[in-house]
Amino acid sequence: MSTVANKIISFLNNCTSPSHIHQIQAQLVLQNLQSDTTIAYHFIASCQSLRLLNSAHHFFFTQIPKPHVFICNSLIKAFSHSHIPHYPISIYAHMHKNSILPNHFTFPFLLKSLADVCDLKQGKCVHTHVVKLGHLDDIYVRNSLLDVYASCGHMGLCRKVFDEMPERDVVSWTVLIMGYRNVRNYDDALIAFERMQYAGVTPNHVTMVNALAACANFGALEMGVWIHDFIRRREWELDVILGTALIDMYGKCGKIQEGLSVFESMKKKNAFTWNAVIQGLALAKSGEEAVWWFNRMMQEGFKVDEVTLVAVLCACSHSGLVEMGRQIFRALVDGKYGFSPTVKHYACMVDIFARAGLVEDAFECIKDMPYEPSKAIWGSLLACGRAHGNVELSEFAAWKLVDLEPENSAYYVVLSNMYAEMGRWSDVEKVRDMMKDKGLNKDLGWSSVESEPPEQVNQSIAL
């Protein structure tokens, strides 16, 4: 390498200003070094650190008619790490148009950029190119294809690629588990995790975090305990992410005391860790303890967020702590926590009043909120009104639910039953006629059950 080239590389490594980049750019053209791949690598790295990747992209594709594949790969990699969408696929299209043959280093970062923006259509196109160009045997390329399909929630294609892999490493299994977890297919995530053990592939931290999340949401306590034992046997340090995942698993599986033990053993915690503790106590209906941890969180200097407030208000709701809930919510409205209440916080307050039988308070809260009430909020008011004999509010809430989901037959059935109980047979006929006009039938043998969080509704079959 020439002395000039070495000096330019030295300048690039110490470059701190956009003006330096422009000066070096001019020197590259004067010295005819723009095609030098080593200099190009350092130039792109400097542009990336100064957030000038667009300049690097423009420079190489205007100064070089047909850039070397290494330069194209370096640009694709830099853009994919900078999370700037569309540039990597644009560079790849330029390569294709100018007959610059990609290699197996091109595809992992190109596919990563497509996974980041969940671009399934382009992912399928690149998959076709991978097959045609003979790069499908590369495990890094295959893992990147898995990631695209998993990120797009297309687990059928993800599983097809996985099943066709001649070899699978820890990344392959982890992406599959993560994909199933992200589409809430928790049983398949845990089955994949078990298969991974039988295949003799040792999980890493990322695998365990995703497996623990599946355990938490599926209620697979036994598997969660096995993972915790594995972590202890391997003497892994409980970092913030792994420790928080364990606390979340124990909390959602009804073993909050074990979760608290994990919390106390952790050297570092963040807001997510504290939130997991408070959410676990809320699920355990330990409202007073949840409020205590909420106060301790603030005393120790951690900033509460919207999730924290939802958790502590849910804890108040489940434990009947009406006045404490009022106090916390009032402080939230007054700006004590640095943000305004969202519709979820109002939903929690409506639920607090509804569970306590304070029907009028619940309705006043709905009227005062600066948001359109969700179906969970009207559902809480309906349940409360019916439980405490407030026919007028029950009817009002039921019609609001019909307005929100006019194709949901369950709400019409509730209205019809309410009118039948009151002997208002003409209204019963009116509701039934509405169902007929919309082509709705009463779904026999099904019930809707509210679960946490309030806006999620699970359907369970009645046996």
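Residues numbered from 1 in each chain as written. Predicted model: local features only at pLDDT ≥ 70, side-chain atom pairs only at ≥ 80, totals over all residues. Heavy atoms only, no water.

1. Quick look at the overall build of the protein chain
Helix and strand content of the protein chain: 26 helices and two strands. Computed over the C-alpha atoms, the radius of gyration of the protein chain is 29 Å, more than 25% above the 23 Å expected from 2.2 N^0.38 for a compact globule of 463 residues. With respect to the three principal axes, the spread of C-alpha positions in the protein chain is 95 × 55 × 50 Å. The burial tally for the protein chain puts 47% of its 463 residues in the buried class. The average position of the 42 basic charges and that of the 48 acidic charges among the side chains of the protein chain differ by 6 Å. (Helix = DSSP H or I, 4+ residues; strand = E, 2+ residues; numbered from the N terminus. Rg over C-alpha atoms; globule rule 2.2 N^0.38 Å. Buried < 20%, exposed > 50% of the residue type's maximum accessible area, 1.4 Å probe, protein only. Lys, Arg positive; Asp, Glu negative; His and termini not counted. Charge placed at Lys NZ, Arg CZ, Asp CG, Glu CD.)

2. Some thoughts on empty space enclosed by the protein
All told, the structure shown has one cavity of 30 Å³ or more when counted by the stated rule. Its boundaries defined by the atoms lining it, the largest cavity holds a volume of some 40 Å³. Pro85, His86, Ile89, Ser113, Leu114 and Val117 together form the lining of the largest cavity. (1 Å grid on protein atoms, 1.4 Å probe; cavity = no way out; pocket = protein on both sides within 12 Å on 5 of 7 lines; lining within 4 Å. Points joined across faces, edges and corners; volume = space filled by probe spheres on them.)

3. Let's talk about the packing of helix α1 (residues 3-13) against helix α3 (residues 37-49)
Between α1 and α3, the least distance of the axes is 9 Å, while the angle of their chain directions is 15°. When the axis of α1 is compared with that of α3, the two are roughly parallel. Seen along the crossing, α1 lies across α3 with a hand that is left-handed. Contacts between α1 and α3 involve Ala5, Ile8, Ile9, Leu12 and Asn13 on the former and, on the latter, Thr38, Ile39, His42, Phe43 and Ser46. A class-by-class count of the residues in the contact of α1 with α3 yields six nonpolar, four polar and no charged. (Axes fitted to C-alpha atoms, helices over the stretch in contact; angles between N-to-C directions. Parallel < 35°, antiparallel > 145°, perpendicular 65-115°, else oblique. Left-handed = near helix turned anticlockwise from the far one by under 90°. Contact = heavy atoms within 4.5 Å. Nonpolar A, V, L, I, M, F, W, Y, C, P; charged D, E, K, R; others polar.)

4. Structural notes on the side chain of Asp351
Structurally, Asp351 is set in helix α21 (residues 343-355). Asp351 sits in the buried class, given a relative accessible area of 15%. Those residues in contact with Asp351, other than ones at most four positions away along the chain, are Ser317 and Ser380.

5. Here we look at the packing of helix α17 (residues 271-283) against helix α19 (residues 306-319)
Between α17 and α19, whose axes approach to 8 Å, the crossing angle comes to 20°. When the axes of α17 and α19 are compared, the pair comes out roughly parallel. With respect to the hand of their crossing, α17 and α19 are arranged in left-handed fashion. Contacts between α17 and α19 involve Asn275, Ile278, Gln279 and Ala282 from the former and Val307, Thr308, Ala311, Val312, Cys314, Ala315 and His318 from the latter. Looking at side-chain class alone, the contact of α17 with α19 contains seven nonpolar, four polar and no charged residues.

6. What about helix α9 (residues 139-151)?
Taking 1.5 Å per residue as the helical rise, α9 with its 13 residues ought to reach 18 Å, and the 18 Å between its terminal C-alpha atoms agrees with that figure. The buried fraction of α9 amounts to ten of the 13 residues, a majority that puts the element mostly inside the structure. If you check which residues of α9 are buried, you get Ile139, Val141, Arg142, Asn143, Ser144, Leu145, Leu146, Val148, Tyr149 and Ala150. Among the structural elements, α7 (106-116), α8 (120-132), α10 (155-163) and α11 (170-182) are those in contact with the buried residues of α9. The opening residue of α9, the one whose side-chain oxygen lies 2.9 Å from the backbone nitrogen of Tyr140, is Asp138. Downstream of α9 by one or two residues, Gly153 has phi in the positive range, about 75°. (Expected span 1.5 Å × (residues − 1). Polar contact = N/O pair within 3.5 Å; in protein donor to acceptor, adjacent residues only side chain to side chain.)

7. Side note on unusual backbone geometry
In this structure, Asn32 is a non-glycine residue whose phi angle is positive, near 55°. Checked against the element boundaries, Asn32 lands in the loop between α2 (18-30) and α3. Owing to a relative accessible area of 60%, Asn32 belongs among the exposed residues under this scheme. With a phi angle near 60°, Lys285 is a residue other than glycine that sits in the positive phi range. Note that Lys285 resides in the loop between α17 and α18 (287-299).

8. A closer look at the environment of Leu321
Mapped onto the elements, Leu321 comes out in the loop between α19 and α20 (322-333). A relative accessible area of 17% means that Leu321 is categorised as buried. The sequence separation of Leu321 and Ala356 amounts to 35 residues, and the corresponding C-alpha distance is 8.8 Å. Apart from residues no more than four positions distant in its own chain, Leu321 is found in contact with Gly287, Glu288, Val291 and Cys316.

9. Here's the deal with the pattern of salt bridges
When charged atoms on two side chains of opposite charge get close, those side chains can pair. Applying the stated criterion to the full structure yields 16 salt bridges. For Asp229, the salt bridge is made with Arg232, and the minimal N-O distance between the two is 2.8 Å. Placement of the pair is Asp229 and Arg232 together in helix α14 (residues 221-233), with a separation of three residues, close to one helical turn. With a relative accessible area of 28%, Asp229 lands in the partly exposed category. (Salt bridge = Lys/Arg side-chain N within 4 Å of Asp/Glu carboxyl O.)

10. Some details on the confidence of the model for the protein chain
Here the protein chain shows a mean pLDDT of 89. Residues at 70 or above account for 95%. For residues 444-463, every residue scores under 50 in pLDDT, and the model assigns this stretch 27 contacts once sequence neighbours within four places are set aside. (pLDDT = per-residue confidence, 0-100.)

11. Things to note about α3
The end-to-end C-alpha distance of α3 is 18 Å, a good match for the 18 Å that 13 residues give at a rise of 1.5 Å each. Three or more residues of α3 are buried, namely Ile39, Ala40, His42, Phe43, Ile44, Ser46 and Cys47. The secondary structure elements touched by the buried residues of α3 are α1, α2, α4 (53-63) and α5 (69-81). Capping the start of α3, Asp36 holds a side-chain oxygen 3.0 Å from the backbone nitrogen of Thr38, two or three residues further along.

12. A few points about the state of the cysteines
The tally for this structure, following the rule as stated, stands at zero disulfides. Sulfur of Cys125: no disulfide; nearest cysteine sulfur belongs to Cys152 and is 12 Å away. (Disulfide = S-S within 2.5 Å.)

13. Considering the environment of Arg355
By secondary structure assignment, the location of Arg355 is in helix α21. Residue Arg355 is classed as partly exposed on the basis of its relative accessible area of 47%. Separated by 258 residues in the primary sequence, Arg355 and Lys97 have C-alpha atoms spaced 65 Å apart.

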